[in-house]
Amino acid sequence: MITKRRALESLALTLCAPAAWAQKPTASGGTGAWPVKPVRLLVGFPAGASPDLAARAIAAPLSKALGQPVLVENKPGDSGNLAADLVAKAQDDHTIGALINGNLTIAKLLNPKTPFDPEKDFAPVAMVGTAPLVLAVTGKAQGATPTELLLWARNLSSQGRYGTPGIGTVGHLGMELVKSRSGILATHVPFTGNPQVIAAMLAGDVQLALLPPALVRPHLQSGKLKAIGVTSPQRSPLSGDMPTLREANVQGADLEIWTAIAAPAAMPTAAVARLNEALSEVTRVPEVQQALLAAGWQAQPGTPKALSHRMRQDTSLLGGVILMRGIKIET
């Protein structure tokens, strides 16, 4: 993964040639006072993780667009919530975060002791990228079509087991959502990460999982795993020609993982607008979009309002799953 990260950094730096980028004027006609020093972009996961790769794909182009360095800092811990808390409490007006949907939606619902409130403590800036999850089953599953594989998964009843990278993750909540819409009754088995989930599937210890396309693709191509479909409303360029769960007649289980840029709620409105303007421009550049695709994300430029709407929408969807299943994280 580090090799991929360095490749993305190299690609991003090539986007920063003076001829390609110029700092844009604000609506008032000037370049604006913000930023006046380097911007810290905190990532709550280790180097090489998907959110880290997304942050590094945009950091150098964003630096050029803003006229100040954008410095990626990895602050892993607590499923990204450590970095989210640092962003929420930052007072320098130059600290932002590349946060995942779990941090910006359901963190407080899962654990009331979470030291920040996703709704109150952040200023949404913009989405960076989205990705579907793949409902994958063991290669020994009987059937070839999504409908046949879904029937096989249902017939496992409660004797079947599905793996996730941990309690309260999108993989966990998403699978419970899929179960409620599909008739699957498999039992949850948490692991420390998706690579461990895949290893357990290959060993036959679990039979199902919701997995990122980039991670599961090699195993689908080898036939060691099979796919029922993706959780996005439409087919995704990240998963090739794979059908959606809707096409397998699983309705109401639309779900995506996403990475977005958020700032502290106290950041001045003009700074948030300036950052959104630059980020929206960067994520529309074809080379940046290709870098994000290589990192496992489909670029999703947008407004703070659009991100705020997505946060509320996913909080309602996943919050309903938390309530329905009585899921909580105790510390």
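From a predicted model like this one, the values you see are computed outputs, not experimental measurements.

Definitions and limits used
Residues numbered from 1 in each chain as written. Predicted model: local features only at pLDDT ≥ 70, side-chain atom pairs only at ≥ 80, totals over all residues. Heavy atoms only, no water. Helix = DSSP H or I, 4+ residues; strand = E, 2+ residues; numbered from the N terminus. Rg over C-alpha atoms; globule rule 2.2 N^0.38 Å. Buried < 20%, exposed > 50% of the residue type's maximum accessible area, 1.4 Å probe, protein only. Contact = heavy atoms within 4.5 Å. Areas by Shrake-Rupley, 256 points an atom, 1.4 Å probe, with all protein chains shown as cover. Expected span 1.5 Å × (residues − 1). Arc of directions from axis to C-beta. Core = buried A, V, L, I, M, F, W, Y, C linked by side-chain atoms within 4.5 Å. Phe/Tyr/Trp six-rings, centres within 6.5 Å; stacked < 30°, edge-to-face > 60°. Polar contact = N/O pair within 3.5 Å; in protein donor to acceptor, adjacent residues only side chain to side chain. Pairing = 2+ DSSP bridges. Axes fitted to C-alpha atoms, helices over the stretch in contact; angles between N-to-C directions. pLDDT = per-residue confidence, 0-100. Parallel < 35°, antiparallel > 145°, perpendicular 65-115°, else oblique. Left-handed = near helix turned anticlockwise from the far one by under 90°. Nonpolar A, V, L, I, M, F, W, Y, C, P; charged D, E, K, R; others polar.

Colleague: I tried to follow the overall build of the protein on my own but got confused; where do I start?
Modeller: Check the secondary structure of the protein and you find 12 helices and 11 strands. Relative to the 2.2 N^0.38 estimate, which gives 20 Å for 331 residues, the radius of gyration of the protein is 20 Å and therefore close to what a compact globule would have. Projecting the C-alpha coordinates of the protein onto the three principal axes gives extents of approximately 65 × 40 × 30 Å. Expressed as a percentage of the 331 residues in the protein, the buried residues total 53%. The long-range fraction of contacts in the protein, counting pairs at least 24 apart against all pairs at least 6 apart in sequence, stands at 77%. When the accessible surface of the protein is totalled, it reaches about 14100 Å², and 55% of it is carbon and sulfur.

Colleague: How should helix α12 (residues 304-325) be read in this particular structure?
Modeller: An α-helix turns once every 3.6 residues. As a result, residues three or four positions apart point the same way. For α12, which comprises 22 residues, the first-to-last C-alpha distance of 31 Å matches the rise-based estimate of 32 Å (1.5 Å per residue) to within 8%. All of the buried residues along α12 are Leu307, Arg310, Met311, Asp314, Leu318, Gly319, Val321 and Ile322. Down the axis of α12, the sector holding all buried residues measures 155°, keeping them to one side. Exposed residues lying more than 90 degrees from the buried face of α12 are Lys305, Arg312, Ser316 and Leu323.

Colleague: For this particular structure, what's the right way to read the nonpolar core?
Modeller: As a rule of thumb, nonpolar side chains are buried together in soluble globular proteins. Core analysis: the largest hydrophobic core is formed by 71 residues, its most contacted members being Leu208, Ile228, Ile261 and Leu292. Ranked by residue count, the leading element in this core is helix α2 (residues 50-66), at 9 residues. Ignoring sequence-local partners within four residues, the contact set of Leu208 consists of Ala136, Val137, Ala153, Leu156, Arg161, Tyr162, Gly163, Met175, Ile184, Ala186 and Met201. Of all hydrophobic cores here, the second largest spans 16 residues; its members include Phe116, Met127, Ala260 and Met311.

Colleague: Where do I start with the packing of aromatic side chains in this structure?
Modeller: The full count for this structure, using the stated rule, is 1 aromatic pair. When the ring of Phe116 is compared with that of Phe122, the centres are 5.5 Å apart and the planes differ by 70°; the resulting orientation is edge-to-face. For Phe116, a relative accessible area of 0% translates into the label buried.

Colleague: How do you make sense of helix α7 (residues 170-182) when you look at a structure like this?
Modeller: Helix length check: α7 (13 residues) gives 17 Å between terminal C-alpha atoms against 18 Å at 1.5 Å per residue, within 8%. Counting buried residues along α7, 11 of its 13 residues qualify, which places the element largely inside the surrounding structure. Looking at α7, one finds that the buried residues are Val170, Gly171, His172, Leu173, Gly174, Met175, Glu176, Leu177, Val178, Lys179 and Ser182. Gly183 sits one or two residues past α7 and shows a positive phi near 85°.

Colleague: Looking at this model, I keep getting lost on the side chain of Thr105. Mind explaining?
Modeller: Among the secondary structure elements, Thr105 is positioned in the loop between α4 (101-104) and α5 (107-110). Among the polar contacts listed, one links the side chain of Thr105 to the backbone oxygen of Asn101, at a separation of 2.4 Å. Ignoring sequence-local partners within four residues, the contact set of Thr105 consists of Pro118, Trp258, Met311, Asp314 and Thr315.

Colleague: Just checking my understanding: could you explain the sheet that holds strand β6 (residues 161-164) for this structure?
Modeller: Picture the strands of a sheet paired through backbone hydrogen bonds; they go either parallel or antiparallel. The sheet built from 5 strands is open, its strands ordered β7-β6-β8-β5-β9 with mixed pairing. The strands lining the two open edges of the sheet, one partner per strand, are β7 (187-190) and β9 (225-230). Going across the sheet, the axis of each strand differs from the next one's by a mean of 30°, ignoring polarity. Here β6 pairs with strand β8 (residues 208-211) via 2 bridges, running parallel. In the sheet register, Tyr162 faces β8, and the bridge partner there is Leu208. Helix α6 (residues 146-155) contacts β5 (134-138), β8 and β9 of the sheet and is inclined by roughly 105° relative to β9.

Colleague: Mind showing me how you'd approach the environment of Lys108 here?
Modeller: Structurally, Lys108 can be placed in helix α5. With a relative accessible area of 29%, Lys108 lands in the partly exposed category. For Lys108 and Glu119, which are 11 residues apart along the polypeptide, the C-alpha to C-alpha distance reads 9.4 Å. With sequence-adjacent residues up to four places away left out, Lys108 is seen in contact with Thr114, Phe116 and Pro118. A distance of 3.4 Å separates the side chain of Lys108 from the backbone oxygen of Pro112, its partner in a polar contact.

Colleague: Just to check I follow, could you spell out the confidence of the model for the protein for this structure?
Modeller: Should the pLDDT be low somewhere, the predicted coordinates at that spot are not to be read in detail. On average, residues of the protein carry a pLDDT of 90, and 90% of them reach 70 or more. Predicted confidence for residues 5-31 stays below pLDDT 50, and this span has 50 contacts to residues more than four positions away or in other chains.

Colleague: Sorry if this is basic, but what is going on with the packing of α2 against helix α11 (residues 286-294) here?
Modeller: Two numbers describe a pair of packed helices, the interaxial angle and the distance between the axes. Following both chains from N to C, one finds α2 and α11 inclined at 160°, their axes separated by 8 Å at the closest point. Comparing the axis directions of α2 and α11 gives the class roughly antiparallel. For the pair α2 and α11, the sense of crossing is right-handed. Listed contacts from α11 to Ala54, Ala57, Ile58 and Pro61 of α2 are Val288, Ala291 and Leu292. Looking at the contact of α2 with α11 residue by residue, the classes come out as 7 nonpolar, no polar and no charged.

Colleague: I would appreciate a short explanation of the sheet that holds strand β2 (residues 70-74) in the present structure.
Modeller: Here 6 strands make up an open sheet; going across it, the order is β2-β1-β3-β10-β4-β11 and the pairing mixed. Whereas interior strands pair on both sides, the edge strands pair on one side only; in this sheet they are β2 and β11 (298-299). Looking at chain direction, strand β1 (residues 39-43) and β2 are connected through 5 bridges and run parallel. What sits directly across from Val43, in β2, is Asn74.

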